[in-house]
Amino acid sequence: MQVVSVRVPAKVNIVLRVGPPRPDGFHDLVTVFHAVSLYDEITARSLGPPGDQVTVTADGPYAVATPVDDTNLAVRAVNALAAAAGIPAQAALTVHKRIPVAAGVAGGSADAAGALLACNELWGLGWSGARLAEVGATLGSDVPFALSGGTAIGTGRGEQLEPVSFRGELHWVLAVSAAELSTPHVYRRLDELRATASSSAATSRPAAGPERIAGRGVDARLLQALESADAPALGPLLANDLQDAAVDFRPALVDTLAAGRKAGALGGIVSGSGPTCLFLARDAAHAGEVAAALAASGTCATAEAVHGPAWPSFP
Ligand code: C5P
């Protein structure tokens, strides 16, 4: 096969609970990943010999913010897959970038997953999803989920996945910021905020980290609401432990969250490490209304109505 294209969706975290930092610098999570209908399209073309060569070009709305060198996560994915398979890394990649960059919706992970899925076909490897996920986990904590899509509980640093049974569809709005946020910086700020809170003698607030995450699964009410795609029940259960840290960097996100509530969203949180904000709507028409109100509010750069779950596909 000479050319393979794959569409890979963005992800949101319906719930994101974060434990304390681990010795390896990561944080244990309990999260519900959910892929939504905003896609990057990754195309891989064969390059003839000689030698290893992986190139990447980007087009689409977020092309300018996409690196087109060896730091691109899709390029790193192709190199990692070739190394794991013991074959030369040869591919020309094109990324049609519709998922915002450094925005808390796993756009880089989607591109890495797309590159793995595309080169698995292009090179005729025939590897299973589980085997691709092993390579994916070396590239980023969200890459295994990006390979599978749908809705899944993530534990460990996010790479251990258990699918969630889900009937129907949920409608969301992504309020995208013009600014970017660095994921490691947001995790570090969460640690700092928690350290400050627990060292404050006056506060009797329980520490937010280990106690909250120890032994916890995901709230049964949340799983029930997801199983029946019950948006009104789900709205108040959206939660993100990284939100305070993201807002600490970008205080204006408070206005975005307030604008979404005012527009009638059933719930709203910062998505992942931000700065994108995620709002739940009753149905597709309501999502369109909330997106229009958010776009008009001047509190975000763009607002996109999307639905989930979504999956990677070969168009
Ligand atoms: O895995 P990924 O490359 O997306 O992680 C980027 C950074 O985010 C990590 O280097 C780490 O600082 C932080 N992170 C974390 N705990 C996680 C996931 C990410 O601390 N579970």
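Sequence order as written defines residue numbering, which begins from 1 separately in each chain. Note on the predicted model: pLDDT of at least 70 is required for a residue's local features to be given, and 80 or more for side-chain atom pairs to be given and counted; whole-chain, interface and lining totals, by contrast, use all residues. For the side-chain quantities, the full set of heavy atoms in the structure was used; hydrogens and water were omitted.

Peer 1: Is there a simple way to explain the nonpolar core in this structure?
Peer 2: Nonpolar side chains in soluble globular proteins tend to be buried together. Residues Leu93, Trp172 and Leu234 are the most contacted members of the largest nonpolar core, which totals 66 residues. By definition, residues are in contact when any of their heavy atoms lie within 4.5 Å. In contact with Leu234, other than residues within four places in its own chain, are Ile14, Leu170, Trp172, Leu222, Ala225, Leu226 and Leu280. Buried Ala, Val, Leu, Ile, Met, Phe, Trp, Tyr and Cys residues that are joined via side-chain atoms within 4.5 Å together make up what is termed a nonpolar core. Accessibility here uses a 1.4 Å probe with only protein chains present; expressed as a share of the type maximum, an area under 20% marks a residue as buried, one over 50% as exposed, and anything in between as partly exposed. Counting 26 residues, the second largest nonpolar core, distinct from the first, contains Ala175, Leu190, Ala287 and Ala291.

Peer 1: Honestly, the state of the cysteines in this entry has me stumped. Any pointers?
Peer 2: Disulfide: a covalent bond formed between the sulfur atoms of two cysteine residues. Two cysteine sulfur atoms make up a disulfide if the distance between them is within 2.5 Å. Applying the stated criterion to the full structure yields zero disulfides. The cysteine Cys277 is free of any disulfide, with Cys300 supplying the nearest cysteine sulfur at 8.3 Å. For Cys277, a relative accessible area of 0% corresponds to the buried category.

Peer 1: How do you make sense of the sheet that holds strand β9 (residues 267-270) when you look at a structure like this?
Peer 2: Strand pairing in a sheet takes place through backbone hydrogen bonds and is either antiparallel or parallel in direction. Strand order in the open sheet formed by four strands is β9-β10-β7-β11, and the pairing between neighbours is antiparallel. Lying at the two open borders of the sheet, with one neighbouring strand each, are β9 and β11 (302-308). The sheet shows a mean angle of 25° between the axes of neighbouring strands, taken without regard to direction. Two strands are said to pair when DSSP picks up at least two bridges between them. Secondary structure elements are taken from DSSP: a helix is a run of H or I of four residues or more, a strand is a run of E of two residues or more, and numbering for both begins at the N terminus. Sheet analysis places strand β7 (residues 170-176) next to strand β10 (residues 277-281), joined by five bridges and oriented antiparallel. Within β10, the position partnered with Leu174 by the bridge is Leu278. The axes are straight lines fitted to the C-alpha atoms, using for helices just the contacting stretch, and the angles between their N-to-C directions are given from 0 to 180°. Relative to the sheet, helix α11 (residues 284-297) contacts β7, β10 and β11, its axis offset from that of β7 by approximately 10°.

Peer 1: Is there a simple way to think about the environment of Phe279 in this case?
Peer 2: If you trace the backbone, Phe279 turns up in strand β10. Look past the residues within four positions of Phe279 in its chain and what remains in contact with it is His171, Trp172, Val173, Ala175, Thr256, Leu257, Gly260, Arg261, Ala265, Gly267, Gly268 and Leu294.

Peer 1: Mind showing me how you'd approach the packing of aromatic side chains here?
Peer 2: The geometry of an aromatic ring pair is captured by two quantities: the separation of the ring centres and the angle between the planes. Note on aromatic contacts: the rings of Phe and Tyr and the six-membered ring of Trp form a pair at centre separations within 6.5 Å, being stacked when their planes are under 30 degrees apart, edge-to-face when over 60 apart, and tilted otherwise. Tallied over the full model, the rule gives one aromatic pair. An angle of 15° between the planes, with centres 4.8 Å apart, marks the rings of Phe33 and Phe145 as stacked. Note that Phe33 is positioned in strand β2 (residues 27-45) and Phe145 in helix α4 (residues 143-148), a separation of 112 residues in sequence. Seen from the ring of Phe26, Arg157 lies directly overhead, with NZ or CZ sitting 4.8 Å from the centre. When the NZ atom of lysine or the CZ atom of arginine is within 6 Å of a ring's centre and also within 35 degrees of its normal, the charge is said to sit over that ring. It is Arg189 that lies over the ring of Phe249; its NZ or CZ is 4.2 Å from the centre.

Peer 1: I keep staring at the side chain of Thr276 and nothing clicks. Help me out?
Peer 2: Inspection of the secondary structure puts Thr276 in the loop between β9 and β10. For Thr276, a relative accessible area of 1% puts it in the buried group. Counting of polar contacts relies on pairs of N or O atoms within 3.5 Å, with two restrictions inside protein: one atom must be capable of donating a hydrogen and the other of accepting it, and residues adjacent in sequence are counted only when both atoms are side-chain atoms. Polar contacts involving the side chain of Thr276 include one to the main-chain carbonyl oxygen of Ala103, which spans 2.8 Å. For Thr276, the residues in contact, after removing those within four places along its chain, are Ala103, Val105, Leu174, Ala175, Val176, Val270 and Ser271.

Peer 1: Quick question: what am I supposed to make of the layout of surface pockets here?
Peer 2: Picture a little ball the size of a water molecule; that probe, rolled over the atoms, points out where space is still empty. In this analysis a 1.4 Å probe is tested at points of a 1 Å grid over the protein atoms alone, and where it fits but cannot get out there is a cavity; an open set with protein on both sides within 12 Å along at least five of seven lines is a pocket; lining residues have an atom within 4 Å of a point. Grid points are joined across faces, edges and corners, and a volume is the space filled by probe spheres set on the points. Empty space within the largest pocket amounts to approximately 1100 Å³. What lines the largest pocket is a set of 43 residues, among which Ser109, Asp142, Thr183, Pro184 and Ser273 lie closest to the centre. Elements that contribute at least two residues to the lining of the largest pocket include exactly β1 (3-21), β2, α1 (73-85), α2 (107-122) and α5 (183-199). At five residues, α5 tops the list of elements feeding residues into the lining of the largest pocket. Split by residue class, the lining of the largest pocket holds 18 nonpolar, 17 polar and eight charged. Note on residue categories: nonpolar means Ala, Val, Leu, Ile, Met, Phe, Trp, Tyr, Cys or Pro, charged means Asp, Glu, Lys or Arg, and polar means any other residue, Gly included.

Peer 1: Teacher, can you tell me more about the site of the ligand here?
Peer 2: The criterion for a residue being near a molecule or strand is simple. One of its heavy atoms has to lie within 4 Å of it. Lining the immediate environment of the ligand, one finds Gly25, Phe26, His27, Leu29, Gly140, Ser141, Arg157, Thr183, Pro184 and Tyr187. Between Gly25 and the ligand, the recorded distance is 3.5 Å, taken from a backbone N or O atom to an oxygen atom. Measuring from an oxygen atom of the ligand, one finds a side-chain N or O atom of Ser141 at 2.5 Å. For the ligand, whose free accessible area comes to 450 Å², the fraction covered by protein is 75%. A molecule is said to be in a cavity or pocket once over half of its atoms fall within 2 Å of that pocket's grid points. Placement of the ligand is best described as lying within the largest pocket. Elements supplying a minimum of two residues to the shell around the ligand: β2 and α5. With residues, only the protein chains shown are counted as cover, and all accessible areas are computed by Shrake-Rupley using a 1.4 Å probe.

Peer 1: Would you take a moment to explain the packing of α1 against helix α3 (residues 129-139) for this structure?
Peer 2: Two quantities define a packed helix pair, namely the angle between the axes and the distance from one axis to the other. Contact geometry for α1 and α3: axes closest at 10 Å, N-to-C directions at 130°. In terms of orientation, α1 lies oblique with respect to α3. Handedness of the crossing formed by α1 with α3: right-handed. Each of Leu73, Arg76, Ala77, Ala80, Leu81 and Ala84 in α1 lies in contact with α3, whose residues at this interface are Leu132, Val135 and Leu139. By residue class, the composition of the contact of α1 with α3 is eight nonpolar, no polar and one charged. Working rule for angles: under 35 degrees goes down as roughly parallel, over 145 as roughly antiparallel, 65 to 115 as roughly perpendicular, anything else as oblique. A crossing counts as left-handed when the near helix is turned anticlockwise from the far one by less than a right angle, and as right-handed when that turn is clockwise.

Peer 1: Is there a simple way to explain the pattern of salt bridges in this structure?
Peer 2: Once the charged atoms of two side chains with opposite charge are near each other, the side chains can pair. The salt bridge definition used is simple: a Lys or Arg side-chain nitrogen within 4 Å of an Asp or Glu carboxyl oxygen. Counted under the stated rule, the structure contains ten salt bridges. In this structure, the salt-bridge partner of Asp28 is Arg22, at a minimum N-O distance of 2.9 Å. A salt bridge links Glu192 to Arg189; its shortest N-O distance comes to 3.1 Å. Here Arg189 and Glu192 lie together in helix α5, a separation of three residues that amounts to about one turn. Beyond isolated ion pairs, a larger network of salt bridges with shared partners links Arg17, Arg194 and Asp241.

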